[in-house]
Amino acid sequence: ADYLYVARLISDTTGEVVDERVLDMVIERKNVIDVCSCLITDSKKFRPLSFFDAQMYKLQNCGVSQKLFLMEGDEDKNKNFFSGAKSEMEKERRLKRVKTLR
């Protein structure tokens, strides 16, 4: 995750951290190009999932109940999404994955 909030109780006398608590919110931020890349890249550690699916699985099971996925940019203007596609079927597969997320 990109942002995880931690509340700290700091001693008035010593200035040291006395206690820490993870707040119940995590934020994952991606730009459109990163999302598209994650959708078509296989996870090396969690096969047969895509990198995106593996990351979402970990986010959903992280123990924090409030999750926010922030996507920056305009996916309709991403011209590099189909670069490297070897066939029309591969282009369709990639496009279907993105449309599913909308």
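Further up the page is the structure itself.
Residues numbered from 1 in each chain as written. Predicted model: local features only at pLDDT ≥ 70, side-chain atom pairs only at ≥ 80, totals over all residues. Heavy atoms only, no water.

Comments concerning the overall build of the protein
Scanning the protein from N- to C-terminus turns up 3 helices and 3 strands. The order of helices and strands in the protein, counted from the N terminus, is β-β-α-α-β-α. Across the 102 residues of the protein, 24% fall into the buried class. Contacts spanning at least 24 positions in sequence make up 52% of the contacts within the protein whose residues lie at least 6 apart. Surface accessibility of the protein: about 7,900 Å² in total, with carbon and sulfur atoms responsible for 52%. (Helix = DSSP H or I, 4+ residues; strand = E, 2+ residues; numbered from the N terminus. Buried < 20%, exposed > 50% of the residue type's maximum accessible area, 1.4 Å probe, protein only. Contact = heavy atoms within 4.5 Å. Areas by Shrake-Rupley, 256 points an atom, 1.4 Å probe, with all protein chains shown as cover.)

Quick word on the pattern of salt bridges
With the rule as written, the count across this model stands at 4 salt bridges. Among the salt bridges present, the one from Glu28 reaches Lys30, with a minimum N-O distance of 3.5 Å. Judged by relative accessible area, which is 4%, Glu28 ranks as buried. Given a relative accessible area of 9%, Lys30 falls into the buried group. (Salt bridge = Lys/Arg side-chain N within 4 Å of Asp/Glu carboxyl O.)

Some remarks on helix H1 (residues 32–40)
Spacing of three or four residues puts side chains on the same side of an α-helix, whose turn is 3.6 residues. For H1, the complete set of buried residues consists of Val32, Val35, Cys36, Cys38 and Leu39. For H1, the angular spread of the buried residues around the axis is 160 degrees, confining them to a single face. Backbone nitrogen of Asp34 and a side-chain oxygen of the N-cap are separated by 2.8 Å at the start of H1; the cap is Asn31. (Arc of directions from axis to C-beta. Polar contact = N/O pair within 3.5 Å; in protein donor to acceptor, adjacent residues only side chain to side chain.)

What about the packing of aromatic side chains?
Counted under the stated rule, the structure contains 1 aromatic pair. Ring plane angle 90 degrees and centroid distance 5.8 Å describe the contact between Phe52 and Phe69, whose orientation is recorded as edge-to-face. With Phe52 in helix H2 (residues 51–60) and Phe69 in strand E3 (residues 66–72), this residue pair connects regions lying 17 residues apart in the sequence. (Phe/Tyr/Trp six-rings, centres within 6.5 Å; stacked < 30°, edge-to-face > 60°.)

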